[in-house]
Amino acid sequence: SCDDTGIAILENNKKIKILSDFLSSQNDIHASYGGIHPSLAKREHAKNVFPLFLASLKKTKLLKKGKTEFKKETDEILERYPELLKDLKEFFSNYEKPDIDQIAVTIGPGLEPCLYVGINLAKALALNWGIPLISVNHIEAHILVNLINSYKKEAFPALALVLSGGNTKMFLMQNIGIYKELGATRDDAIGECFDKTARLLGLPYPGGPEISKRAGKVKKSRFKLPRPMMHSNDYDFSFSGLKTAVFYEIKDRKLNENEINEMSFEIEEAVIDVVVKKTEKAILEFNPNSIFIGGGVSSNKKLQKELKKLTKRYNIDLHIPKYTTDNAIMIGVAAILSPKIKNYDKIEANSNLNLND
Ligand code: KG4
């Protein structure tokens, strides 16, 4: 959906088993832009997706030499990706249909040109192999991957926090598929805040892990940043003010290494304070039985520690997924737990897809 290309193969036989999982991240490519460059991202997806697909199948030993009859509509589906079309034609002429029952693909939210690379490959496979295609909301996948082989109805109602480079959202979840959005960011996403402030400090992309690493080198900070909307009477977030505050703190001087560490410490603290406070507000209002987190920022160790403390205090289960950053396993898990089957010619990308769409 953005800058990660992933293919995973899952088996669902009473338990979900991960047969293969391949991922290619574009961090190095986008590093010099300090964020995602959409057309470069699309090009990289188109280049990487077929090798990942082939590697994934080879790992599962599902491939059998033979032939798959090539459906001519595939030419149109993949007309914008000539290399991918060529690779796929060759693949169909060398291998028969593997024992795969369904294809799942994310249709949004995200960057449309990127989403379409996955969608069009998935369409071509579903058509040529004659199997159903399942559309997955990438945000729902971040939440549902928490439930891999551990679904319990007692977990609900649950609060779900999706904290990533493109999204900052809080949901109340009555069960799989029943979501109410409580709040979202009004400007920058939480991961974007880490990425942009890191860039101001001269730290590489992605900024979250860098800020966190720098913050871990000190125990306190001489800097004081705002906690935007921490006490607002809703569940919305705002992070652009934090970025602006960092900008004004450093605009007339160059920070030394220790000051960069201390500024990183304060950025991380400010962001975590806001998330924890809003989560506590939602706990008090909705009395959830569990909290699910997901998205790249949820891999932040200090955030996890603070959320653990909070949930322990209120006797709530905190689920921290093994797969926090973007990955294909979560797409497969969401397709198994919350399947939305689509006809291959009806599937479209939706950059602003909502959880209840
Ligand atoms: O979910 P994700 O992999 O994909 C996108 O949304 O694109 O999240 C990536 C985001 C980036 O903004 C990155 O800086 C942030 O997650 N991130 C972190 C950490 N690891 C990744 N932010 C804070 N602390 C981390 N440890």
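Look a little higher up for the structure.
Every chain's residues receive numbers from 1 upward, in the order its sequence appears when written. Where local features are concerned, this predicted model is filtered to residues with pLDDT of at least 70; where side-chain atom pairs are given and counted, the filter is 80 or more; whole-chain, interface and lining totals use all residues. For side-chain calculations, the full set of non-hydrogen atoms in the structure is used, while hydrogens and water are omitted.

A. View of helix α2 (residues 38-60). Its 23 residues give α2 an end-to-end C-alpha distance of 32 Å, which sits within 8% of 33 Å, the value for a rise of 1.5 Å per residue. Where α2 bends most, at Asn48, the angle is about 30 degrees, and the proline Pro51 comes one to four residues later. Under the scheme used here, helices are H or I runs from DSSP no shorter than 4 residues and strands are E runs no shorter than 2 residues, and both carry numbers assigned from the N terminus. Just past α2, the residue Lys61 takes up positive phi, approximately 60 degrees. Expected helix span is computed as 1.5 Å times (number of residues minus one). Bend is computed residue by residue as the angle between axes fitted to the seven residues ending at the residue and the seven residues starting at it.

B. The arrangement of the packing of aromatic side chains in detail. Classification of ring pairs rests on two measures: the distance between centres of Phe, Tyr or Trp rings, Trp counted by its six-membered ring, which must be within 6.5 Å, and the angle between planes, read as stacked under 30 degrees, edge-to-face over 60 and tilted in between. One pass over the structure, following the stated rule, counts 14 aromatic pairs. Site record: aromatic cluster; members linked through ring pairs are Phe50, Phe53, Phe70, Phe91, Phe92, Tyr95 and Trp129. The ring of Tyr235 carries Lys281 above its face, with NZ or CZ at 5.1 Å from the centroid. In our convention, an over-ring charge means Lys NZ or Arg CZ found within 6 Å of a ring centre and within 35 degrees of that ring's normal. Lys302 extends its terminal NZ or CZ atom over the ring of Phe265, reaching a point 4.1 Å from the ring centre.

C. Expanded view of the environment of Glu306. Tracing the sequence through the fold places Glu306 in helix α11 (residues 301-313). Residues Glu306 and Val275 lie 31 residues apart in sequence; the distance between their C-alpha atoms is 9.6 Å. The residues touching Glu306, leaving out its near neighbours within four places in the chain, are Ile272 and Val276. Two residues qualify as a contact provided that any one of their heavy atoms is within 4.5 Å of a heavy atom in the partner residue.

D. Main features of the sheet that holds strand β4 (residues 133-137). Taken in spatial order, the three strands make up an open sheet running β3-β4-β10, and their pairing is mixed. Lying at the two open borders of the sheet, with one neighbouring strand each, are β3 (103-108) and β10 (341-342). For β3 and β4, the ladder comprises five bridges, and the chain directions are parallel. The residue of β4 that forms the bridge with Val105 is Ser135. Where helix α5 (residues 112-129) meets the sheet, it contacts β3 and β4, and its direction lies at approximately 150 degrees from that of β3. Note: two strands are recorded as paired if DSSP finds a minimum of 2 bridges between them. Each axis is a line fitted through C-alpha atoms, taken for helices only over the stretch in contact, and angles between the N-to-C directions span 0 to 180 degrees.

On their own, these measurements won't tell you what the molecule is for.
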